[in-house]
Amino acid sequence: MTEMNFAEAMIDGLCVALDSDPSVSIIGRGISGHGAEAAADKRLAPYGDRVLDPPTSEAAVAMLALGASMSGLRMFLHFGTGVFAFEAWNQVVNEAANARYMSGGRLKSPVTFCMFHGLRNGGGPQHSASSQAMYANSPGLEVVMPASPADAKGLALTAIRSDNATVMLVHPSLLSLRADVPAGDYAVPFGQAAVRREGRDVTIVAFSRQVTEALKAAEILAKEGIDAEVLDPRTLVPLDEASILASVRKTGRLVVADETPVHYGCASEIAALVAEKGFGSLKAPVARVARPHTPVPFSPGMEAFLTPDAAKIADAVRRTLAA
Amino acid sequence: MADAAQGTVAPRKEDRLNKQERLALLECMLRIRRFEEGVIHLAMTPEYEYVGRQHLYIGAEGAGAGACLALGKDDLAHTTHRNHGYLVARGSDRMRMFAEILGRADGTNLGRGGSWHICDPDVGFRSTSAMVGGSIALAVGSAYALQKQKSKAISVAHFGDGTLDEGIGYEALNIASLFKLPVLFMCENNSKPGQRPSSMLAAKHLSHVPAALDMPTKAVNGADVEAVHLAAKEAVDHVRSGKGPYFLQADLERWPGSHQVHAAFPTGVTDISLAWDEGKIEGKNADWTRTYDPIRLYAKKLLGENAVTRDELTALDRKVADETDKLRATAVKSPFPPADAAAKQFA
């Protein structure tokens, strides 16, 4: 175990992937976000032309990665801010998502599309998207959202080694999060939720940065005598339904925290899952803590108003317990 | 946009094709033509439950055979949805192609792709994208892989003039040129000004776009299979030698059924004897057959040069037609896949 931040862990994962398999190739800079590029560049420099700095052509670069993955490379492409991937929307959700299925399994598509999502202090309307639900609603893609440094490394390694197209969404405010990360090569399997905190009274399912907020909320609630369980599914597709249902069976209450706009979002999907398959366990209505269905304003106070956080999660838990 | 061939290629002496090579070009074109006619037959026969559309390669055989026969077996092709020509030319199993077009269990893609997405990686046919601008960028990706793998193989992008209407067409050309990727851009220009769909480009010639990106270009008459083939060999040599991409444009006149909604034979079932008996060419599309049918033109040329006899032509065509009929008859016996196989993903 070594303590490192989320960005360093991701880069460490990429280096493990590059070292262990000569077919791994990386496209994109800014993997560690603004301010840490120099350190990332330094670690990736020895890999020479296995790390490509591409022109600003998201659509063609996404297809370059997909085409190369069909022809024997394992590609990891970082778009930077996730909204840039909208320039490659067709290429990700219509080409990459379908490539393997529509070939009858004859083609593999080991490509990872990594990007930053979420509200990040001043991103404004065009740089704050949390598009995970859109990708999760595009069959054929695996969708993963690491919430810790160890998972950033382990999920990146699993994504790179998967023969399917994978979308990896990272919240930029997590990049400086420090924690212990296992050394060397390891993998975090897809479809296995992590219980971040055990509890008896309520289940909080949270994704990405909201895992951190949910844990803060659980501390606040503990002082009020409320014992919250925090579950991090880690991957949206495939989804660990069994762990979510088991937790709700135990607690009888569910709050879901995610930054996707609330309508048709990830929180809605988890709520629907429990309504359909775990209705008998519920002692209260499910609560969703997500962004309101509105574009994102620039002004700090207005942005904060929309942003799911520990206080909003704690409020939702209290409502659920009062119901 | 109008973009006529910028002159035909005058073959150098050493480029002259021998009889075997010429017959291979003709046979390849006939295989494609008889296959596509087989597709029309399938679509016209209700009992086969054909549900696809009609994007046939009839009329483009000169471009496809000319280009594909210049490739090596390890080269990788990515095409548009007008893909049957390249698949046949690359040697894909035509029985499985027919089965895929019918959505049957024995199809190349197990019934999941249909005509629009047939792929056969075993014969160097990597993928079909049915999105305009798809194949060109995927081929750049395969070329990127080949460059990293230090392979001597090259990648081929098959696309139409419409791809240059798409932003990704420009992006893909730029990236290929920027990184000197081993990709042959094989553009089939069947634009028809005033008719939709057709490309609408402000540039006077399609090739001005790749030329602006520092890429060698050439335009040839796509109805002249030898011209395409010789130009493609030169282009393939360029790409394979590591000098970067090449843009080869084959100008085509659309077959009258090019965008037909209902299966039909607007120029009749191919009759090889029209190569020497032009008086028999009739109907409202006679002009296309007379002037642009690449198979008739090539058969006529070979006869005129005494390279083949009428009997040889007839026998070759008969052989191809018979083998195609047999493969089609086998394909229609393939069952539909179990419906619940739809949920199977490939892990």
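Right above here is the structure, for reference.
Residues numbered from 1 in each chain as written. Chains lettered and ligands numbered in written order. Predicted model: local features only at pLDDT ≥ 70, side-chain atom pairs only at ≥ 80, totals over all residues.

S.K.: Just to check I follow, could you spell out the interface of chain A and chain B for this structure?
M.R.: In many reports, interface size means the accessible area that the parts give up when they come together. Contact with chain A, which involves 27 residues of that partner, is made by 35 residues of chain B. Secondary structure elements with two or more residues in the side of chain A that touches chain B: α3 (58-70) and α4 (89-102) of chain A. For the side of chain A that touches chain B, the class distribution of residues is 14 nonpolar, ten polar and three charged. (Contact = placed C-beta atoms within 7 Å. Helix = DSSP H or I, 4+ residues; strand = E, 2+ residues; numbered from the N terminus. Nonpolar A, V, L, I, M, F, W, Y, C, P; charged D, E, K, R; others polar.)

S.K.: I tried to follow the sheet that holds strand β4 (residues 74-81) of chain A on my own but got confused; where do I start?
M.R.: The strands making up a sheet associate through hydrogen bonds between their backbones, and the pairing can be parallel or antiparallel. All names here are of chain A. Pairing within the open sheet is mixed, and its seven strands lie in the order β3-β2-β4-β5-β7-β6-β12. In this open sheet, the two strands that pair with only one neighbour each are β3 (51-52) and β12 (235-237). In terms of strand pairing, β4 meets strand β5 (residues 111-116) through five bridges, oriented parallel. Following the sheet pairing, His78 is matched in β5 by Cys114. (Pairing = 2+ DSSP bridges.)

S.K.: Looking at this model, I keep getting lost on the environment of Arg328 of chain B. Mind explaining?
M.R.: Residues and elements named next belong to chain B. Looking at the element boundaries, Arg328 is found in helix α11 (residues 310-331). Arg328 sits 293 residues away from Phe35 along the chain, and the two C-alpha atoms are 8.6 Å apart. In contact with Arg328, other than residues within four places in its own chain, are Gly38, Leu42 and Phe98.

S.K.: What's the story with the pairing of strand β10 (residues 202-206) of chain A in this structure? I'm lost.
M.R.: On any regular strand, side chains alternate: one points to one face of the sheet, the next to the other face. Residues and elements named next belong to chain A. The element β10 is extensively covered by neighbouring structure, given that five of its five residues are classed as buried. Of the two faces of β10, both are covered, the one formed by Val202, Ile204 and Ala206 as well as the one formed by Thr203 and Val205. The pairing of β10 with strand β11 (residues 228-232) spans four bridges and is classified as parallel. Within β11, the position partnered with Thr203 by the bridge is Glu229. The parallel pair β10 and β11, bridged by helix α7 (residues 209-222), forms a crossover whose chirality is right-handed. Where β10 meets strand β13 (residues 254-261), four bridges bridge the pair, whose relative direction is parallel. Across the sheet, residue Ile204 finds its bridge partner in β13, namely Val255. (Buried ≥ 20, exposed ≤ 12 C-beta atoms within 10 Å, placed from the backbone. Right-handed = clockwise from strand over helix to strand, strands pointing away.)

S.K.: Looking at this structure, how should I read helix α5 (residues 134-148) of chain B?
M.R.: All names here are of chain B. Over its 15 residues, α5 extends 22 Å from the first C-alpha to the last, a length consistent with the 21 Å expected when each residue adds 1.5 Å. Extensive coverage of α5 is indicated by the burial of 13 of its 15 residues. Positive phi shows up at Lys150, right after α5, with a value of about 55 degrees. (Expected span 1.5 Å × (residues − 1).)

S.K.: Help me out: how do you make sense of the sheet that holds β13 of chain A in this one?
M.R.: Residue and element names in this part refer to chain A. Within the open sheet, the five strands sit side by side as β9-β11-β10-β13-β14. Their pairing is mixed. Edge strands, defined here as strands with exactly one partner in the open sheet, are β9 (194-197) and β14 (287-291). Adjacent strand axes in the sheet meet at a mean angle of 25 degrees when their direction is disregarded. Docked against the sheet, helix α9 (residues 266-277) engages β10, β13 and β14, running at close to 150 degrees with respect to β13. (Axes fitted to C-alpha atoms, helices over the stretch in contact; angles between N-to-C directions.)

S.K.: Please clarify how the packing of helix α1 (residues 19-44) of chain B against helix α4 (residues 94-101) of chain B should be interpreted in this entry.
M.R.: Helix-helix packing: each pair is described by the crossing angle between the helix axes and the interaxial distance. Residues and elements named next belong to chain B. Look at α1 against α4: their axes get within 11 Å of each other, and the N-to-C directions meet at 35 degrees. Taken as a pair, α1 and α4 cross one another with a handedness that is right-handed. On the side of α1, the interface is formed by Phe35, Gly38, Val39 and Leu42, while α4 contributes Arg94, Phe98 and Ile101. Of the residues contributing to the contact of α1 with α4, the split by class is five nonpolar, one polar and one charged. (Left-handed = near helix turned anticlockwise from the far one by under 90°.)

S.K.: Any chance you could explain unusual backbone geometry here in plain terms?
M.R.: Where the residue is not glycine, phi is negative for most of them; where a peptide bond is considered, it is trans in most cases. All names here are of chain A. In this structure, the amide linkage connecting Val237 to the following residue, Pro238, adopts the cis form with an omega of 0 degrees. Its identity is not glycine, yet Asn121 carries a phi of approximately 65 degrees, on the positive side. Turning to its location among the elements, Asn121 is positioned in the loop between β5 and α5 (132-136). Exposure remark for Asn121: the 11 C-beta atoms within 10 Å place this residue in the exposed category.

S.K.: Help me understand the packing of α5 of chain B against helix α6 (residues 167-178) of chain B in this model?
M.R.: Residues and elements named next belong to chain B. At their nearest, the axes of α5 and α6 sit 9 Å apart, and the two run at 20 degrees to each other. The angle between the axes of α5 and α6 places the two elements in the roughly parallel class. Crossing of α5 against α6: the hand is left-handed. Contact with α5, carried on its side by Ile136, Ala137, Val140 and Ala143, involves Ile168, Gly169, Ala172, Ile175 and Ala176 of α6 and no other residues of that element. (Parallel < 35°, antiparallel > 145°, perpendicular 65-115°, else oblique.)

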